[in-house]
Amino acid sequence: MVISCNPLSIEEAAQGFAAIGSQARLSVVLALVRAGRSGLSVGDIQARTGMAASTLAHHLRFLASAGLIEQEKDGRSVINRRGL
């Protein structure tokens, strides 16, 4: 079996490392990795990390812009999944 992987540019890699360079954002990414491909709602992430809603929203935006997480609207919820 051959696994194909698109190589990251230096800029993309640097942005990814910067995104997980915060303890709070790393906690979010680890919660999403543990959750698997089904992902977690914002409320579930908040319950697992203990972050305030506004703080969590900031970190989720940062992680999404770096491509480390994917967000999908599901009714009134937003499901977050690990990216890459």
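Computed from a predicted structure; not experimentally measured.

> How should the environment of Leu63 be read in this particular structure?
Relative to the helices and strands, Leu63 resides in helix α4 (residues 53-65). Once residues lying within four places of it in the same chain are set aside, the contact partners of Leu63 are Ala19, Ile20, Arg25, Val28, Val29, Leu68 and Ile69.

> Looking at this structure, I do not really get the environment of Ile69. What am I missing?
Within the secondary structure, Ile69 is located in strand β2 (residues 69-74). In sequence terms Ile69 and Phe17 are 52 residues apart; their C-alpha atoms lie 13 Å from each other. For Ile69, the contacting residues outside a window of four places in its chain are Leu32, Leu60, Leu63, Ala64, Asn80, Arg81, Arg82 and Gly83.

> Can you help me understand a nonpolar patch on the surface in this one?
Side chains of Phe17, Ile20, Leu26 and Leu30 sit close together on the surface and give an oily, nonpolar patch of about 350 Å² of accessible area. Structurally, the position occupied by Phe17 is in helix α1 (residues 10-19). With relative accessibility at 61%, the residue Phe17 sits in the exposed group.

> How should I be thinking about the pairing of strand β3 (residues 77-82) in this particular structure?
Within a regular strand, side chains alternate between the sheet's two faces. Pairing analysis gives two bridges linking strand β1 (residues 40-41) to β3, with the strands arranged antiparallel. When the sheet's bridge partners are listed, Leu40 is paired in β3 with Asn80. Summarising the sheet, β2 and β3 pair through six bridges and their orientation is antiparallel. Across the sheet, the residue bridging to Lys73 is Val78, located in β3. Connecting β2 to the next strand, β3, in antiparallel fashion are two residues, including Gly75 with a positive phi near 70°.

Conventions and cut-offs
Along each chain, residues carry numbers from 1 onward, in the same order as the chain's sequence is written. Confidence filtering applies because this is a predicted model: local features only for residues at pLDDT of at least 70, side-chain atom pairs given and counted only at 80 or more, and all residues used for totals across whole chains, interfaces and linings. Hydrogen atoms and water are omitted, and side-chain values are computed over all heavy atoms in the structure. Comment: elements are numbered from the N terminus, with helices defined as DSSP H or I runs of at least four residues and strands as E runs of at least two. Every residue pair with non-hydrogen atoms within 4.5 Å of one another is taken to be in contact. Distance thresholds for patches are 9 Å for like charges and 5 Å for nonpolar side chains (Val, Leu, Ile, Met, Phe, Trp, Tyr), applied to residues having over 30% relative accessible area and no salt bridge. In these tables, accessible area is a Shrake-Rupley quantity obtained with a 1.4 Å probe, and a residue counts as shielded only by the protein chains included in the view. For this analysis, a salt bridge means a side-chain nitrogen from Lys or Arg found within 4 Å of a carboxyl oxygen belonging to Asp or Glu. Any residue under 20% of the maximum accessible area for its type is buried, any over 50% is exposed, and the rest in between are partly exposed; the area is computed with a 1.4 Å probe on protein chains only. Two strands qualify as a pair provided that DSSP identifies no fewer than 2 bridges between them.

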